Amino acid sequence: MRRSTAVSAVSAGRGRSLAQAYRRFGEVDTAETSPLHKRVAVALSESDEALRAIETVPARKRHPAMILAALHDLALAGRASALAAAYSAAADSAADGDAAAEAAIGTLLRMTDSVVAIAARRRTPTDETGRYAVLYPAIAEAARRVGMDAVGLIDVGRAAGLNLNVDRVGITYGNGQSLGDPASAVQRSCSLLGDRPVPSRPIPEVRTRLVVDPDPIDVTDADDARWLRAGLGPDQREPMARLEAELALAAAAPPLLLRGDPVELLPDAVARVPAAALPVVMTTWALSRLSPERRRRLRHGIQETAAGRPVAWVSVEGVGVAPTIPTLGDRPASGHSIVGLAGFDRSSARAEAIGRCWSRGRIMAWLADS
């Protein structure tokens, strides 16, 4: 009897912890970006039946972002018509949020096995939209420093590789500067802090585009592209429109996908860049998912590939996350990120902090002399 009571107490504790995670996700993490997902997440946190269904998902896949995306995926795929209708109505009227939350719970209870299957197959969705305003001047600067008129872009840790669109978009900065293609269907803006403008030189010709990731997403595959959409709230109309434009741009000239451990695959990725082009490895808020030791191994792996040619690494990571990139005296977890540029060749390595950025690249301060 005591054992049964102890087991029940543990189970109850796990249930409370899960409920708290969903409530926090709704009230804090997604409150401003998607009021609809806020309402659904809070409703899930208040439903014992829903929480028991979520507990059938492997523990590492129970994150609210995963379960909400799995439900949205079912709606987008036409497999949960009632939920799709409720989401559509809620996106048009905040008054329908309760009905959408009820439909989400009902779908979860009826289609628990489908939610479990999606969660088991997929990785928790992350913000995949490109960080073009930060990456564009950094890539152009990397090429200038070694005198190369062509580059090969290698996106590490961003499964869909939407960053690889960087030379195909238009960018407008807060001081009136513009870079890229003003006629592109994808246009982005970025506020600038400080009095230093970003360099005006264009990115040179891009010869190769590669994604290196343990589970890359093929933007030309309907299921994969739908999963990217599912990561957004049904009421996030503007972000969804931006994503659609980026997906269309990427699908017109899709990158090469290399599936596996980035540390092991880097030599192959660099070798696929033509000899006349500078390999530019990019990491954008990807290294925090790796242990400090694996981050060091990745950085060392990039340097090793430079044994026979110059290689550049452009990093946009939290303060202190990217190995050897200076922190400028900033404190970790300070709310902004460091834009780093490291150049490697046969005999030397140079790592520099060339900027700071905030809000996932929507605000930037350029620091480099160029």
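Residues numbered from 1 in each chain as written. Predicted model: local features only at pLDDT ≥ 70, side-chain atom pairs only at ≥ 80, totals over all residues. Heavy atoms only, no water.

**Digging into the overall build of the chain**
Inference 1: Looking only at helices and strands, one finds twelve helices and eleven strands in the chain.
Inference 2: Computed over C-alpha atoms, the radius of gyration of the chain comes to 22 Å, within 12% of the 21 Å expected from 2.2 N^0.38 for 370 residues, which places it in the range of a compact globule.
Inference 3: For the C-alpha atoms alone, the extent of the chain along its principal axes is close to 70 × 50 × 40 Å.
Inference 4: Across the 370 residues that make up the chain, the buried fraction comes to 52%.
Inference 5: Relative to all contacts within the chain whose residues are 6 or more apart in sequence, the contacts with residues 24 or more apart total 71%.
Inference 6: Within the structure as shown, the chain displays about 16500 Å² of accessible surface, and the carbon and sulfur contribution to it stands at 50%.
Inference 7: The average position of the 46 basic charges and that of the 42 acidic charges among the side chains of the chain differ by 5 Å. (Helix = DSSP H or I, 4+ residues; strand = E, 2+ residues; numbered from the N terminus. Rg over C-alpha atoms; globule rule 2.2 N^0.38 Å. Buried < 20%, exposed > 50% of the residue type's maximum accessible area, 1.4 Å probe, protein only. Contact = heavy atoms within 4.5 Å. Areas by Shrake-Rupley, 256 points an atom, 1.4 Å probe, with all protein chains shown as cover. Lys, Arg positive; Asp, Glu negative; His and termini not counted. Charge placed at Lys NZ, Arg CZ, Asp CG, Glu CD.)

**Thoughts on the confidence of the model for the chain**
Inference 1: On average, residues of the chain score 92 in pLDDT, and 95% of them are at 70 or above.
Inference 2: This model gives residues 1–11 a pLDDT under 50, and the stretch forms one contact once residues within four places in sequence are excluded. (pLDDT = per-residue confidence, 0-100.)

**Notes on the side chain of Arg295**
Inference 1: Within the secondary structure, Arg295 is located in helix α12 (residues 292–304).
Inference 2: From its side chain, Arg295 meets the backbone oxygen of Leu290 in a polar contact 3.0 Å long.
Inference 3: If we ignore the near neighbours within four places in the chain, the residues touching Arg295 are Leu287, Ser288, Leu290, Val321 and Pro323. (Polar contact = N/O pair within 3.5 Å; in protein donor to acceptor, adjacent residues only side chain to side chain.)

**Digging into the side chain of Glu352**
Inference 1: As for its placement among the helices and strands, Glu352 is situated in strand β10 (residues 349–358).
Inference 2: By relative accessible area, which is 18% here, Glu352 ends up buried.
Inference 3: Looking at Glu352, its side chain comes within polar contact range of the side chain of Arg145, at 2.9 Å.
Inference 4: Not counting the four nearest positions on each side in its chain, Glu352 is found in contact with Arg145, Ile325, Pro326, Val339, Gly340, Leu341 and Ala368.

**Remarks on the pattern of salt bridges**
Opposite charge on two side chains permits pairing when their charged atoms draw close.
Inference 1: For the coordinates displayed, the defined rule picks out 23 salt bridges.
Inference 2: A salt bridge links Asp369 to Arg196; the shortest N-O distance between them is 3.2 Å. Of this pair, Asp369 sits in the segment after β11 (363–366) while Arg196 sits in the loop between β4 (187–192) and β5 (205–213), placing them 173 residues apart in sequence.
Inference 3: Owing to a relative accessible area of 63%, Asp369 belongs among the exposed residues under this scheme. (Salt bridge = Lys/Arg side-chain N within 4 Å of Asp/Glu carboxyl O.)

**Thoughts on the sheet that holds strand β8 (residues 311–318)**
Inference 1: Read across the open sheet, the eleven strands follow the order β3-β2-β4-β11-β10-β9-β8-β7-β1-β5-β6; overall the sheet is mixed. A single partner strand is all that each edge strand has here, and the edge strands are β3 (178–180) and β6 (256–259). Across the sheet, the mean angle from the axis of one strand to that of its neighbour is 25°, orientation sign disregarded.
Inference 2: Bridging between β8 and strand β9 (residues 337–344) involves eight bridges; their strand directions are antiparallel. What sits directly across from Gly318, in β9, is Ser337.
Inference 3: Relative to the sheet, helix α8 (residues 132–146) contacts β1 (150–156), β2 (170–173), β3, β4, β7 (278–284), β8, β9, β10 and β11, its axis offset from that of β7 by approximately 150°. (Pairing = 2+ DSSP bridges. Axes fitted to C-alpha atoms, helices over the stretch in contact; angles between N-to-C directions.)

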